Each structure stands twice: as C-alpha cells, then as structure tokens.
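# Overview (structure and organization)
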Amino acid sequence: LMLRRPPRSTPSNSSAASDVYKRQNCGYSILWMAKAIRDSGTDECSVIIGIEKDSQKVKIVREFIELTRFSYFTKVFESDVYELLNTMVDLIDIVLIDICTIRDLQCIKTIYQKLKPGGLLITYNIFKLPKNYVDKLFKEIHNSRKWVTTIIATKSGLSISIKK
C-alpha cells in the first residue's frame, strides 16, 4: 500500500519517516493504519497486511515498520494484490488500496468476496485512472445490492464503500 504525498506529521520518528518518503515514496498508508489500530487498543487481535510489487519498497517498508515498532501485527509481502487475495482464507475487515495498482475490476470483485459483511473498501487515486476505467469502477462500487459507497472529490479521488 502506498500514499503519494507525505502526511503533515508522522506516527513516530519524523526524520526516519521523511527519509523513507524521499527515498521511495512508500509505506505511509500501512503506517497510519497500524498507528490507528494500536491507538484503538485492538493491535493484539489485529493483523495488517501490506502488499508491494517492488522488492526495494518491501525492504524499506519493513525497515520502517521495525523503526515504528508495529512489526508484531504488521506484515509486508512482495506480491500482486490479486494473487495474494486469492490465497487468503480469513475474511478481511478493511482494504485500503491505491486503485492504480490493480490490473482490472476482477480485483474489486475478489475484494468483495474476501471482505466481511460491513467491511470497508477504501480506494484512492480514482481520478488518476482513464475515464472509461473510472466509469466501470463506479458502476461496480455503486451496485446498491453489494455496496454503500461515497466518493470524495479530493484532487486524486477517494471512495469509501461498505459491504452489505
């Protein structure tokens, strides 16, 4: 998982966070999710899975997770999102994904199957996609039999969908 711009502050050790951002521009979304889970007190019963295709980014994110001490409930895999989802047995509570990183809408359909009822699908960078792909994505996530969805018109676009 990856965010395109740095947050205003960092979860821990701001110089390390800035260095990671400058080097590879990766790791922030998983760290913010980990911080939120730890701050909520649910870290002992949670598992966060991060996925990167690039081995260098995997290495950097893993190092950053160690620095922030989230490694006991956070795992990062070098994989394709679609392939990793297909190997997962347990249902998922939340998926946060850069929509530009998936191959096709079949991945969204697979995420739907892997989400618990009431689970969240949060996608970002929607408006960076070609218009025909955005139209197909909107058609899928606005399917009222499957999802309750809102689109937030940020610069790059964000959707939040709840599985029915």
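Residues numbered from 1 in each chain as written. Predicted model: local features only at pLDDT ≥ 70, side-chain atom pairs only at ≥ 80, totals over all residues. Heavy atoms only, no water.

## Focus on the sheet that holds strand β6 (residues 158-163)
Strand pairing in a sheet relies on backbone hydrogen bonds. The paired strands run either parallel or antiparallel. If you walk across this open sheet you meet the 4 strands as β3-β4-β6-β5, and the pairing is mixed. The strands lining the two open edges of the sheet, one partner per strand, are β3 (92-98) and β5 (147-152). The sheet shows a mean angle of 10 degrees between the axes of neighbouring strands, taken without regard to direction. When strand β4 (residues 115-124) meets β6, the two strands line up antiparallel, connected through 5 bridges. The residue bridging Leu120 from the neighbouring strand is Ile162, located in β6. (Pairing = 2+ DSSP bridges. Helix = DSSP H or I, 4+ residues; strand = E, 2+ residues; numbered from the N terminus. Axes fitted to C-alpha atoms, helices over the stretch in contact; angles between N-to-C directions.)

## Focus: the packing of aromatic side chains
On inspection of all chains with the given rule, the structure shows 3 aromatic pairs. Each member of the aromatic cluster is reached from another via a ring pair, and the members are Phe70, Tyr72 and Phe73. It is Lys146 that lies over the ring of Tyr112; its NZ or CZ is 4.8 Å from the centre. When the ring centre of Tyr112 is taken as reference, the NZ or CZ atom of Lys163 above it lies at 4.5 Å. (Phe/Tyr/Trp six-rings, centres within 6.5 Å; stacked < 30°, edge-to-face > 60°. Lys NZ or Arg CZ within 6 Å of the ring centre and 35° of its normal.)

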